[in-house]
Amino acid sequence: MERLKMSREERAKQFMPFAALKGHKKALEEKEKPVVEKMELSEERAEELSFQLSQIRKNDMITVVYFQNRDYLKITGMVSKIDFQSRYLKIVNVKIPFRDIYDLSADQTTHIHHLE
């Protein structure tokens, strides 16, 4: 029985079904990320953050470090909404619950006043 020689393209086609595992690589990368535990804030730090939040107004430029999906993320942007009743802050389109905020800082033009 004679073996037919395949062109390079034909051989490559044999492996095309594996391309269906597109999300597989991303899933593996996600698994490789270390799991980060949410850090508990001291009572003093929680009070300080609460005070800072009370000073923020819509359209202020701020930077927030917050916990989401087993990781800490940092975002800088304009406050599009702050809801004290529902206890969340929205920077552009990112909604951040107050309980997930770890750190907060404002642009120099923003009016967050620190107690000295």
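The structure we're discussing is the one just above.
Residues numbered from 1 in each chain as written. Predicted model: local features only at pLDDT ≥ 70, side-chain atom pairs only at ≥ 80, totals over all residues. Heavy atoms only, no water.

1. Details of the sheet that holds strand β1 (residues 61–68)
In space, the five strands of this open sheet follow the order β4-β3-β2-β1-β5, with antiparallel pairing throughout. Strands at the two margins of the open sheet, each flanked by one partner only, are β4 (94–97) and β5 (101–106). Strand-to-strand twist of the sheet, defined as the mean angle between neighbouring strand axes without regard to direction, takes the value 45 degrees. Bridging between strand β3 (residues 88–91) and β4 involves four bridges; their strand directions are antiparallel. Bridge pairing in β4 places I91 opposite V94. Those strands touched by helix α3 (residues 43–55) are β2 (71–83), β3 and β5, and its axis lies near 45 degrees from that of β5. (Pairing = 2+ DSSP bridges. Helix = DSSP H or I, 4+ residues; strand = E, 2+ residues; numbered from the N terminus. Axes fitted to C-alpha atoms, helices over the stretch in contact; angles between N-to-C directions. Contact = heavy atoms within 4.5 Å.)

2. Overview of the pattern of salt bridges
Here the structure, examined in full by the defined rule, presents three salt bridges. K38 is paired through a salt bridge with D100; the nearest N and O atoms lie 2.8 Å apart. With K38 in the loop between α2 (22–32) and α3 and D100 in the loop between β4 and β5, the pair connects residues that are 62 residues apart, well separated along the chain. Through salt bridges with shared partners, a single network forms among R45, E48 and D103. (Salt bridge = Lys/Arg side-chain N within 4 Å of Asp/Glu carboxyl O.)

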